[in-house]
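Descriptive structure summary
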Amino acid sequence: MEFPAALFPSYFGAGPPQEEGGPAPLAGWGEHGQVLEGGPGRRQVQPAFVPRRGATGERWEAADAAAVPVLLPRAGCWIPSPAPQDILYRSGLCKKLRAGKSRAILDFTRQLGHFFVDHPEDAFGSLGRLLHKNFYLGNSKLQRPARSSTIRMTALVEDIDRLEARRGCPRQHLASRLRWFSHLCRDWLFEVPLGLLADCLHEELMQQWSNLLFDDSLTGGALAWLPPEDRGTPVGCLVHPGGQAMNHLYFQDVVLEELPRTRGAPAQFELSGRIQQVAAARVDGQDFVGVRSDYHCGVWRLLGKRGAVPTPLQVIHTDVPASCLTVSPHLPGELSVCTQSGTVYLWSVETGLQQLRHDPQTMFFRDHSPWRWSDFTAHPRVLSCADRTGLQCLDARAPKRCHFDLFKVGEEAGCQQGERVVLPMYLGRAHPSQYLVTTQFSVYVLDERLPLVPVLKWAHMMKAPPLFAHLMPGKPGRSHKVLLGASRTQELLLLQYRDSFWGVSSGGSQSACQLAGTPQKLHSIAGCLQHLPTQLPHRHHLLQQRLTAPAAGLAATLQEDGPHKSMLIFQLSEAGDVFCQRLTHNAAQPPAPPSRDEATTAPGSSPLFEYRRWLRALSRACKEPPGHTWSPSLSQRRLFTRKDLEGPVGPSSLQRQMRQRLRQTMKEGGLIQHWAPLALQPPPLPQALEPAGGLDPLSARLTAAWAGDWEQWWEERTSFSVAKRQQALRERRRRQKRAQGRRSLSASFTSSLTYQSELSELSDTGPSVLSPGRPPLLSQEASPPAGSPLVHSPATSAAPDEALLSSQSLRCRGIPKERRKTLRDYLSVWAEGPPEPPEPLGSQASQLCIPSSQSQLSSASQPRRKRPRMGF
Amino acid sequence: SSNEHKLNFRKSKEACLSFIQDALLQKEWKRAAEFLTCYIESLEKDYSREHIGPSEMIWRTGAEILWHHSQSSMKEFNCFMEQMKTLGVKRYLKVCLEHVFHLLCNGQIDEAYQNLSLAESWRFGEQTAIQDKEMKLIQAYRGLLDYYSWSKQKNILLENSEDGFSDSAVEQEMHGYFRKAAVNLKEIIKIPGVWDIFVKCYVDLLEFYGDHNEARQVLNEYAYNSKFPANPNAHVYLYQFLKRQREPKKSLISALKILHDIVPSHELMIDFNTMLQKSKKRKKRRLGLEVIFAALDYAGWKENVKAWSCLARQVKQIVISEKHLDWIKQEWNSRKDWWPAFHFSRYLAKRNWRENKSLSYEKALVAGILLGKGCKYFKYVSHQGCKAQLKRFRMLKKFVNRHNPVYLRISG
């Protein structure tokens, strides 16, 4: 490729950036930048000028009103990653404090508390066992001999409860007893020294928080499109991650038609880590696909023919998380890998790893980010390495000696203060020596023959930094298209540029690079929400949560079918959904631009069909075992050893009776209101109380649910209305007493029972009314659907067996007396049902923040325990 | 309260901006224009301290809309830009420059010139560093337009002199343009930057008036001053100048040697190689081999027939003379682990044969010598060539077979 004979004028300075930084809305509009003589003007008459930005580009128009799903959701619901409310401190006081300043406060104590509750064995194991005899949890006073060696903990626990209740109170004083206790045992009670544990947790919390603000592990994107062969049938292959933990790699054949259609079942590989990046390149007619997870990178090969089975070639393991994996477009089986420790490797499937650089420091100035990137250049032996401060090129044959600076965040490229490199990409398929660099503010095109000075620069104005980019090279003389994608906001932007134009000033040879046309915003996945059929409110909420999940990848392809040119753009979300949109090329010069109301506001019939199909599959895939997400589950193993729980051989008569009743009720499809033995007939249901408003409770509840403030309704109902009801009941009893005067003892017994059962009905029937399809709590032992190994089975049955809890049976299991009550109280709490149904995933998601070595994945599906298919 | 009012006002401003942005990104110019007219109100109460204020946003979005709006005219655009110039003192020069660019791109050279002259005479207090730069650019572009006028007069003059009459008025005018252009162009090219067109025009002026020393100095400064970016064009211009001056081969070679050092993949490397191959000095011929090998390392040269034939010719010469085989050996050493896959795979043999027979011929020759007659590329191409009964491929096969021992010496 020839070097442009004349470049656009620009100043060149050195040193740190001068321009004050900050997000600048609209900074990319209305500017030509510079002009250069060129274009097909006749020199003698008048010079003709072309602008750096603002030349006409191709017209691409969206074929549909929104993106359409390509793949049907697979079984197993997606687990959302932690949200800000999971790790931030939230209380009234804090909100007030925060209103002034925008600093987020991490909820450190809650997370530490979660850890102690969820991993007591890890937190207090050995001392807990040692001291177990010296701590007394009962209510009665201690006897003389025991008093000298035993502490009564009940008061302490009460103090803690009180503290919890007063949380957020500005006049909060620690109980002296608690202070005394913590002074006494802070240093020795914990299995892991508290300071160390706190440091680790704090570090993890900070990490999670910074990930929420900007997660760079997804850089590059986890979606790849392997285009069809030049002269073959239009069948390409979509490589994407899936599964609950995004640890399954799929190679799905896709037929390109009006809307892309999947063909056959995908080839599938199970990996032992979340897939962060999928990179692909075609060399010598073969596709090489590199896959990066935190600690493993792998490479697959696909022969050109579609339908061929992908062959895994090699896997490497890194001690530090890898931050980059790119595939060489020049040599088969070559990749480059970077780790967060600042090491860059050239990885050849034949010869193994070659370390090119190891430098934990950033290149041009100090920046704390451990993120590193590397890509290939026009010379197969020269690799670029990047960190947040810029890019350097290294010769792999002598990496220490031969290198040059390609891009620096500084005055050289006219950067702003605070600007940082987000994603570099080699544009080799469009022009062998050009490079794309995106920062949070701008995109740059660089030519490695003229390092440091960008040949093109444009402020992209995206709300989130562009983590994904995709190049679609244009034929000679036509513009190249670049797609930029952001993760959190799902933004997609289409840019066009020309690497050269016909210049006169250059004597008729190639001239400089210019931006063509205006940037264009494309549909995001979330945009299709308004076109979906109307949903029930809670379904709508779940759907919204799923569709607005951060984007995780981007791929695109140009399709030329005679005069018709179209562009297909695939977008992957963190939930594993792949959506697609089609743009068509409008060759005619702009007639009147179509107004917003025409055509583009409603999707056609075939997208609508696709949406319905997708929704159906989604609801099928997410039909979870009841109680899986709605009720907390509890493992009894934590409390007792198996020996403790072993009952007398064979079911007792009571148990048999219970089972029979259960079976019968199931057959009838009825509900079990109360777990009393059959002999005690459940008391007749009391008359429904008319609430003040006049609506019956069910209607009120449904009305609230439809209006969307069901949560509030529930809250009111559980706290305020219980009190009210009690009041009303008392009132009624008094009236009854007054009216009837004297009653038999049994009658008064019944009436008090009524009161009790009324309360229990309140808590029992709550969830079952909410979704009639779900059996009540007792049938929790249902197994997860067969044939979906990824669905993690709910923790062992949570339903406490009433018989099991009778003091008799507890005694015969050797459970100490003072623990029996605690146990019963404990289990009864769980038996009451879900306390906070509208936020089912909250508690689960917040558990993810606990600093365990396996962090997120361990709680999601424990993929590490599974046997990997290929040592990955 | 007023604080709340400010907050609400800011919120609605932001909302309006995002509507404008949305419309622009979807190319709905009319809708954007409607929102923009609402946004103009924000100028009245400008409390913002962001570094891009509302006046700049109005300028940017307004200009963008007027570029694309189906009903806008140049007159309206000019009017809008004039208003924008008065909106912000700090951006006056920037807006002027952009206005001029738009006029230039629409072929309104005279209007652009007038605007540049006006902007040049603008003074407002002390200039900031950025304004200083913008002013220099304005002067440089005016110099450039003066240069074009000069060039036009020059052509008229040349035509006239061909016809046999001279016109002193035209000549006077031409010299006037020269002076104006030279002063401004000379200024900007002193400052570090990429000034390709300005340098070219200035050198053209100087050469016309016979000031070759000054021209040489300017080009040397542009190419070798370390404060300037490593611009390959600077070296190319110097080389072209030296060639025009009919300088000795030696200085041409040294100019290209430096270009080779900074951009080994520059297209002038073919000229450089040809020049070096013709040289009688061994060292130069050696350098020539290095140059062509280095150029072919780059992906952009993979299918360059000229380059491959240069390499094939030189390698063939060396093999026939059987002298300096060590040169090839040395070059090959650092490439033998990746050139076979990069250049000489079976896939490429098939493709090159299908798409470009002469490319495959040159490459097969090089492959046969470097990798021996067993090489996949050579085998495929020579087989196909012989099958197609092409004479030169048969010769190629014979040649490689005869010189097969060379391969052992190179790779050994």
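Residues numbered from 1 in each chain as written. Chains lettered and ligands numbered in written order. Predicted model: local features only at pLDDT ≥ 70, side-chain atom pairs only at ≥ 80, totals over all residues. Heavy atoms only, no water.

**Some words on the overall build of chain A**
The helix and strand tally for chain A stands at 20 helices and 35 strands. Counting all 872 residues of chain A, 48% fall into the buried class. Within chain A, residue pairs in contact and separated by at least 24 positions form 59% of the contacts whose partners lie at least 6 positions apart. Accessible surface for chain A amounts to roughly 43,200 Å². Of this, 54% is attributable to carbon and sulfur atoms. (Helix = DSSP H or I, 4+ residues; strand = E, 2+ residues; numbered from the N terminus. Buried < 20%, exposed > 50% of the residue type's maximum accessible area, 1.4 Å probe, protein only. Contact = heavy atoms within 4.5 Å. Areas by Shrake-Rupley, 256 points an atom, 1.4 Å probe, with all protein chains shown as cover.)

**Overview of the packing of helix 13 (residues 269-278) of chain B against helix 15 (residues 305-321) of chain B**
Residues and elements named next belong to chain B. In contact at an axis separation of 10 Å, helix 13 and helix 15 are set at 20° when each is read in the N-to-C sense. Judged by the angle between their axes, helix 13 and helix 15 are roughly parallel. Here the hand of the crossing between helix 13 and helix 15 comes out left-handed. Two secondary-structure elements touch here, helix 13 through Ile270, Asn273 and Gln277 and helix 15 through Lys306, Ala307, Cys310, Arg313 and Gln314. Across the contact of helix 13 with helix 15, the residue classes break down as 3 nonpolar, 3 polar and 2 charged. (Axes fitted to C-alpha atoms, helices over the stretch in contact; angles between N-to-C directions. Parallel < 35°, antiparallel > 145°, perpendicular 65-115°, else oblique. Left-handed = near helix turned anticlockwise from the far one by under 90°. Nonpolar A, V, L, I, M, F, W, Y, C, P; charged D, E, K, R; others polar.)

**Focus on empty space enclosed by the protein**
Residues and elements named next belong to chain A. Enumeration according to the criterion identifies 11 cavities of 30 Å³ or more in this entry. If you add up the space inside the largest cavity, you get close to 190 Å³. A total of 3 residues in the lining of the largest cavity trace back to one element, the largest contributor, which is strand 10 (residues 235-242). Looking at the lining of the largest cavity residue by residue, the class counts come to 10 nonpolar, 6 polar and 3 charged. Reported here for the second largest cavity is a volume of approximately 80 Å³. Taken together, Leu436, Val443, Tyr444, Val445, Leu456, Lys457, Trp458, Val482, Leu495, Tyr497 and Leu515 make up the full set of residues lining the second largest cavity. (1 Å grid on protein atoms, 1.4 Å probe; cavity = no way out; pocket = protein on both sides within 12 Å on 5 of 7 lines; lining within 4 Å. Points joined across faces, edges and corners; volume = space filled by probe spheres on them.)

**Some details on the side chain of asparagine 233 of chain B**
Structurally, the position occupied by asparagine 233 of chain B is in helix 11 (residues 232-244). Side-chain polar atoms of asparagine 233 of chain B contact the backbone oxygen of proline 4 of chain A, separated by 2.9 Å. Among all residues touching asparagine 233 of chain B, those that are not within four sequence positions of it are Phe3, Pro4, Ala5, Ala6 and Leu7 of chain A together with Asp196 of chain B. (Polar contact = N/O pair within 3.5 Å; in protein donor to acceptor, adjacent residues only side chain to side chain.)

**Quick notes on unusual backbone geometry**
Keep in mind that most residues, glycine aside, have a negative phi and that most peptide bonds are trans. One non-glycine residue, leucine 452 of chain A, adopts positive backbone phi at about 75°. Along the chain, leucine 452 of chain A falls in the loop between strand 27 (442-447) and strand 28 (456-459). Even without being a glycine, arginine 246 of chain B presents a positive backbone phi close to 50°.

**Some details on a negative patch on the surface**
On the surface, Asp709, Glu711, Glu715 and Glu716 of chain A cluster together into a patch of negative charge. Mapped onto the elements of the fold, glutamate 715 of chain A is located in helix 14 (residues 710-740). (Patch = residues over 30% accessible without salt bridge, like charges linked within 9 Å, V, L, I, M, F, W, Y side chains within 5 Å. Salt bridge = Lys/Arg side-chain N within 4 Å of Asp/Glu carboxyl O. Lys, Arg positive; Asp, Glu negative; His and termini not counted. Charge placed at Lys NZ, Arg CZ, Asp CG, Glu CD.)

**Let's talk about a positive patch on the surface**
Residue and element names in this part refer to chain B. On the surface, Arg346, Lys350, Arg354, Lys376 and Lys379 cluster together to form a positively charged patch. Going through the elements one at a time, helix 18 (346-355) and helix 20 (376-387) are the ones with two or more residues in the positive patch. With 3 residues, helix 18 is the largest single contributor of residues to the positive patch.

**Concerning the sheet that holds strand 14 (residues 286-293) of chain A**
Residue and element names in this part refer to chain A. Read from one edge of the open sheet, 4 strands run 13-14-15-16, paired in antiparallel fashion. The open sheet is flanked by strand 13 (275-283) and strand 16 (311-317), the only strands paired with a single partner. Averaged over all adjacent pairs, the angle separating strand axes in this sheet is 15°, with direction ignored. Bridging between strand 13 and strand 14 involves 8 bridges; their strand directions are antiparallel. Among the inter-strand pairings, alanine 280 is bridged to a residue of strand 14, identified as valine 289. (Pairing = 2+ DSSP bridges.)

**Overview of the domain arrangement of chain A**
Split by domain assignment, chain A resolves into domain 1 (52-81 + 469-502 + 510-586 + 607-620) and domain 2 (84-91 + 103-166 + 173-211 + 640-668). Distance between the C-alpha centres of domain 1 of chain A and domain 2 of chain A: 48 Å. (Domains from an automatic or database assignment.)

**Brief notes about the interface of chain B and chain A**
Opposite the 72 residues of chain B that make contact, chain A presents 68 residues. Interface area for chain B against chain A, summed over the two sides, is near 6,000 Å², with a carbon-plus-sulfur share of 60%. For the pair chain B and chain A, the number of links is 4 salt bridges. Of the charged contacts in the structure, one is a salt bridge between lysine 94 of chain B and glutamate 31 of chain A, with a shortest N-O distance of 2.9 Å. Between chain B and chain A we count 26 residue pairs in polar contact (both at pLDDT 80 or more) in total. At 10 residues, the largest contribution of residues to the side of chain B that touches chain A is made by helix 7 (residues 129-163) of chain B. Partitioned by chemical class, the residues of the side of chain B that touches chain A number 39 nonpolar, 16 polar and 17 charged. Relative to strand 1 (residues 193-194) of chain B, strand 1 (residues 10-11) of chain A is paired through 2 bridges, and the arrangement is antiparallel. The partner of serine 10 of chain A across the bridge, within strand 1 of chain B, is valine 194 of chain B. (Buried area = accessible area lost by both parts, 1.4 Å probe.)

**Looking at the pairing of strand 22 (residues 382-387) of chain A**
All names here are of chain A. Along strand 22, 6 of the 6 residues are buried, which leaves the element largely enclosed by surrounding structure. Burial along strand 22 is two-sided: Val382, Ser384 and Ala386 facing one way and Leu383, Cys385 and Asp387 facing the other are all buried. Taken together, the 4 bridges between strand 21 (residues 373-376) and strand 22 define a ladder with antiparallel strand orientation. Among the inter-strand pairings, serine 374 is bridged to a residue of strand 22, identified as cysteine 385. Across 6 bridges, strand 22 lies against strand 23 (residues 390-395) in antiparallel orientation. Counterpart to cysteine 385 in the pairing with strand 23 is glutamine 392. Hairpin connection of strand 22 to strand 23: 2 residues between the antiparallel strands.

**Section: the environment of glutamate 560 of chain A**
Residues and elements named next belong to chain A. Counting through the fold element by element, glutamate 560 comes out in strand 33 (residues 551-561). Sequence separation between glutamate 560 and isoleucine 105 is 455 residues; the distance between their C-alpha atoms is 53 Å. Those residues in contact with glutamate 560 that sit more than four places away from it in its chain are Lys475, Arg478 and Lys565.

**Details of a nonpolar patch on the surface**
A cluster of nonpolar residues, Leu536, Leu698, Leu702 and Trp706 of chain A, forms a patch on the protein surface that exposes about 410 Å² of accessible area. Within the fold, leucine 698 of chain A resides in helix 13 (residues 697-707).

**Some remarks on the environment of glutamate 158 of chain A**
Here glutamate 158 of chain A is to be found in helix 6 (residues 154-165). Residue class for glutamate 158 of chain A comes out partly exposed when judged on its relative accessible area of 41%.

**Considerations on the packing of aromatic side chains**
Throughout the structure, instances matching the rule amount to 38 aromatic pairs over all chains. When the ring of phenylalanine 293 of chain B is compared with that of tryptophan 339 of chain B, the centres are 5.3 Å apart and the planes differ by 40°; the resulting orientation is tilted. Of this pair, phenylalanine 293 of chain B sits in helix 14 (residues 282-296) while tryptophan 339 of chain B sits in helix 17 (residues 339-343), and the two are 46 residues apart along the sequence. Accessibility classification places phenylalanine 293 of chain B together with tryptophan 339 of chain B in one group, the buried group. An aromatic cluster of three or more residues is present, and its members are Phe293, Trp308, Trp332, Trp338, Trp339, Phe342, Phe344 and Tyr377 of chain B. Above the face of the tyrosine 11 of chain A ring, lysine 133 of chain B is positioned so that its terminal group lies 5.1 Å from the ring centre. Positioned above the aromatic ring of tyrosine 361 of chain B is the side chain of arginine 392 of chain B, whose terminal nitrogen or guanidinium carbon lies 4.6 Å from the ring centre. (Phe/Tyr/Trp six-rings, centres within 6.5 Å; stacked < 30°, edge-to-face > 60°. Lys NZ or Arg CZ within 6 Å of the ring centre and 35° of its normal.)

**Notes on the sheet that holds strand 32 (residues 514-521) of chain A**
Residues and elements named next belong to chain A. If you trace the 5 strands from one edge of the open sheet to the other, you get 4-32-31-30-29, paired in mixed fashion. Pairing within the sheet leaves two strands with one partner each, and these edge strands are strand 4 (53-55) and strand 29 (466-472). The mean angle between the axes of side-by-side strands here comes to 35°, regardless of whether they run parallel or antiparallel. With 6 bridges joining them, strand 29 and strand 30 (residues 480-486) adopt antiparallel strand pairing. Bridging across to strand 30, proline 466 finds its partner in alanine 486.

**Description of the confidence of the model for chain A**
Residues and elements named next belong to chain A. In the predicted model, chain A carries a mean pLDDT of 76, and 70% of its residues have values of at least 70. A low-confidence stretch, residues 591-600 stays under pLDDT 50, and its non-local contacts, those more than four residues away or across chains, total 6 contacts. Taken as a whole, residues 625-632 scores under 50 in pLDDT and shows 21 contacts with residues more than four places along the chain or in a different chain. (pLDDT = per-residue confidence, 0-100.)

**Observations concerning helix 20 of chain B**
All names here are of chain B. Here helix 20 spans 16 Å end to end across 12 residues, near enough to the 16 Å set by a 1.5 Å rise per residue. Taken together, the buried positions of helix 20 are Tyr377, Phe378, Tyr380, Val381, Ser382, Gln384 and Gly385. Where helix 20 is buried, its residues touch helix 17, helix 18, helix 19 (357-371) and helix 21 (391-402). (Expected span 1.5 Å × (residues − 1).)

**Some points on the pairing of strand 15 (residues 296-302) of chain A**
Residues and elements named next belong to chain A. With 6 of its 7 residues buried, strand 15 lies for the most part within the structure. In this sheet, strand 15 lies alongside strand 14 in antiparallel orientation, the contact comprising 6 bridges. The partner of arginine 292 across the bridge, within strand 15, is cysteine 297. Two successive antiparallel strands, strand 14 and strand 15, enclose a turn made up of 2 residues. Here strand 15 pairs with strand 16 via 6 bridges, running antiparallel. Residue arginine 301 lies in a different strand from strand 16, and its bridge partner there is threonine 311.

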